[in-house]
Amino acid sequence: MALMLVKFDLKKRVKLAQTVWFMYWFAVMAGVLVFSMGLFFKIELRKRSELMDNNESHLLPNLLIFMGLIACGINAFGGKVCYDSLDPTKFAKWKPMLKIFLGFCVGFNVLLLLTALMCFVMRIPLQFTLAEGLRNGMRYYKDTDTPGRCYMKRTLDLMQMEFRCCGNDNYRDWFEIQWVSNRYLDFSAKEVKDRIGSNVDGQYLMDGVPFSCCNPSSPRPCIQFQMTNNSAHYSYDHYTEELNVWKRGCSDALLSYYGGMMNTIGALVVLITMLEIAVTIGLQYVDSSLSTLANPEDPESESEGWILEKTVKETFTDIMDKMKAMGKGSKVEEGGEVAVATVS
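Residues numbered from 1 in each chain as written. Predicted model: local features only at pLDDT ≥ 70, side-chain atom pairs only at ≥ 80, totals over all residues. Heavy atoms only, no water.

An unreviewed UniProt entry annotates the chain as Peripherin-2 of Seriola lalandi dorsalis. Here is the UniProt Subcellular location (unreviewed entry) comment for the chain, exactly as written: "Membrane". Quoted straight from UniProt, the Sequence similarities (unreviewed entry) entry for the chain says "Belongs to the PRPH2/ROM1 family." (UniProt positions renumbered as here; feature names shortened; annotations may be inferred.)

Put into structure tokens, the structure is as follows:
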């Protein structure tokens, strides 16, 4: 018994082919959308590639770009097949390759669904990538004269102002690294000598943050230096005062930004996968309805269409039997080659 058997006459077959043709070209545009989303995501990651610990984060956008290109190709081909199905003479040339094409479409739909799932699960490795990348980037903030790190200060400042964040986990991360370049330090000053001497790594550490951490909406002038020194500022207590720097860490801000983007892309890819499944089923109905014409020489004769010629269980059993037969055939060939070699 065929799965989801439907009877067709000429009018229904024409309407089916036209509908699936329209859906295929809509799916081509969906493929362009997947490609565009992958390209946009890749560009957004490239903007802050210096703050990424590795290049694994580009796996997802590269996969989206690849899947988008494949989707455009197979959907354009499927649309052409549906268009030619209205003319039996044109459709005849596509008939021998349709089963292979439909099998490829099923595999592509599975890969597209896995791509959508990756959009949701890649948030976890991205979290570690951002945290480690930001931690390393902050160490190079002061190295504005070092080749390869000249733009790290600019990148971090722009990021902190754009995402309204400060440090990796919070603003106190800046207290643990030297972010002021040595060229701006007076090494003859007692304060500088004391700070460098008190640190085992010989770094100039202070309870201050870069200007990009300042909140411009705060009514009080930004307190970015001596943030824990109550006597350095008028009417100030760092334990109770509402600091006028961004409280949110940049790893959390970036993860929220990229994570939200990935969730949106994932949801759209799921919807596109459903569209791809629909057009694959539609093409299967077009193929089966034209293959079962009661009178192939009479286009107006009735026919039957289905998703599977047999039930799911029977189809699965047939596939397993074919795979076992192929496995036995390969073993027989290997045994024959061994026997020939022994005789020779």
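Explanation requested: helix α4 (residues 98-121) in the structure shown.
One full turn of an α-helix is made of 3.6 residues, so residues set three or four places apart face in the same direction. Here α4 is 24 residues long and its end C-alpha atoms lie 35 Å apart, about the 34 Å a rise of 1.5 Å per residue gives. Along its buried surface, α4 packs onto α1 (10-47), α2 (59-84), α3 (88-91) and α8 (250-291). (Helix = DSSP H or I, 4+ residues; strand = E, 2+ residues; numbered from the N terminus. Expected span 1.5 Å × (residues − 1). Contact = heavy atoms within 4.5 Å.)

Any chance you could explain the packing of aromatic side chains here in plain terms?
Centre-to-centre distance and the angle between the planes together describe a pair of aromatic rings. Applying the stated criterion to the full structure yields twelve aromatic pairs. Their ring planes at 70 degrees and their centres at 5.2 Å tell us that Phe163 and Tyr257 sit as a pair that is edge-to-face. Residue Phe163 is found in helix α6 (residues 152-163), and its partner Tyr257 is found in helix α8; the two are separated by 94 residues along the sequence. Between Trp179 and Phe225, the aromatic rings sit 6.1 Å apart at their centres with planes inclined by 15 degrees, giving stacked as the arrangement. Of this pair, Trp179 sits in the loop between α6 and α7 (190-197) while Phe225 is found in the loop between α7 and α8, placing the two residues 46 residues apart along the sequence. Each member of the aromatic cluster is reached from another via a ring pair, and the members are Phe41, Phe163, Tyr257 and Tyr258. (Phe/Tyr/Trp six-rings, centres within 6.5 Å; stacked < 30°, edge-to-face > 60°.)

Just checking my understanding: could you explain the UniProt feature "transmembrane region" (unreviewed entry) in the chain for this structure?
When the UniProt feature table is mapped onto this chain, "transmembrane region" (unreviewed entry) is found at residues 20-40, 60-78, 98-121 and 265-286. End-to-end, the C-alpha atoms of residues 20-40 are 30 Å apart, and along that stretch the chain is 100% helix and 0% strand.

Looking at this structure, I do not really get the nonpolar core. What am I missing?
Soluble, globular proteins show a tendency: their nonpolar side chains are buried together. Membership of the largest hydrophobic core comes to 75 residues, with the highest contact counts inside it found for Leu156, Trp174, Val209, Met227 and Tyr258. Elements that contribute at least two residues to this core include exactly α1, α2, α4, α5 (123-139), α6, α7 and α8. With 15 residues, α8 is the largest single contributor of residues to this core. If you count residues domain by domain, this core takes at least three from each of domain 1 (6-138 + 253-304) and domain 2 (171-246). Among residues more than four places away in sequence, those in contact with Val209 are Cys166, Tyr171, Trp174, Phe175, Trp179, Gln224, Met227 and Val245. (Core = buried A, V, L, I, M, F, W, Y, C linked by side-chain atoms within 4.5 Å. Buried < 20%, exposed > 50% of the residue type's maximum accessible area, 1.4 Å probe, protein only. Domains from an automatic or database assignment.)

How do you make sense of the pattern of salt bridges when you look at a structure like this?
Once their charged atoms are close, side chains differing in charge can pair, the charge on each being opposite to the other. Within this structure, the stated rule accounts for 13 salt bridges. Residue Lys7 is joined to Glu304 by a salt bridge in which the shortest nitrogen-to-oxygen separation is 2.8 Å. Highlighted residues: Lys7 in strand β1 (residues 6-8) and Glu304 in strand β2 (residues 303-305), separated in sequence by 297 residues. Bridged by salt links that share partners, the residues Glu44, Lys47, Arg48 and Glu162 form one connected network. (Salt bridge = Lys/Arg side-chain N within 4 Å of Asp/Glu carboxyl O.)

What should I look at first to understand unusual backbone geometry in this one?
One non-glycine residue, Arg164, adopts positive backbone phi at about 55 degrees. In this fold, Arg164 is placed in the loop between α6 and α7. The class of Arg164 is exposed, set by a relative accessible area of 53%.

Can you walk me through the packing of α5 against α8 in this structure?
Relative placement of two packed helices is described by the angle separating their axes and the distance separating the axes. Orientation of α5 relative to α8, taken along the N-to-C sense of each, is 150 degrees, at an axis distance of 10 Å. Viewed along their axes, α5 and α8 adopt a mutual orientation that is roughly antiparallel. Handedness of the α5/α8 crossing: right-handed. Of the residues in α8, those in contact with Arg123, Leu126, Gln127, Leu130, Ala131 and Leu134 of α5 are Cys250, Ser251, Leu254, Leu255, Tyr258, Gly259, Gly260, Met262 and Asn263. Split into classes, the residues belonging to the contact of α5 with α8 amount to nine nonpolar, five polar and one charged. (Axes fitted to C-alpha atoms, helices over the stretch in contact; angles between N-to-C directions. Parallel < 35°, antiparallel > 145°, perpendicular 65-115°, else oblique. Left-handed = near helix turned anticlockwise from the far one by under 90°. Nonpolar A, V, L, I, M, F, W, Y, C, P; charged D, E, K, R; others polar.)

What's the story with a nonpolar patch on the surface in this structure? I'm lost.
On the surface, Val106, Val110, Leu111, Leu113, Leu114, Leu117, Phe120 and Val121 cluster together to form a nonpolar patch covering roughly 690 Å² of accessible area. Following the sequence through the fold, Leu114 ends up in helix α4. (Patch = residues over 30% accessible without salt bridge, like charges linked within 9 Å, V, L, I, M, F, W, Y side chains within 5 Å. Areas by Shrake-Rupley, 256 points an atom, 1.4 Å probe, with all protein chains shown as cover.)

Sorry, what's going on with the packing of α6 against α8 here?
Relative to each other, α6 and α8 sit at 70 degrees, their axes nearing to 10 Å. The angle between α6 and α8 falls in the class roughly perpendicular. Where α6 crosses over α8, the two elements pack in a sense that is left-handed. For the pair formed by α6 and α8, the contact residues are Met159, Gln160 and Phe163 on the first element and Cys250, Ala253, Leu254 and Tyr257 on the second. Per-class residue counts for the contact of α6 with α8 are six nonpolar, one polar and no charged.

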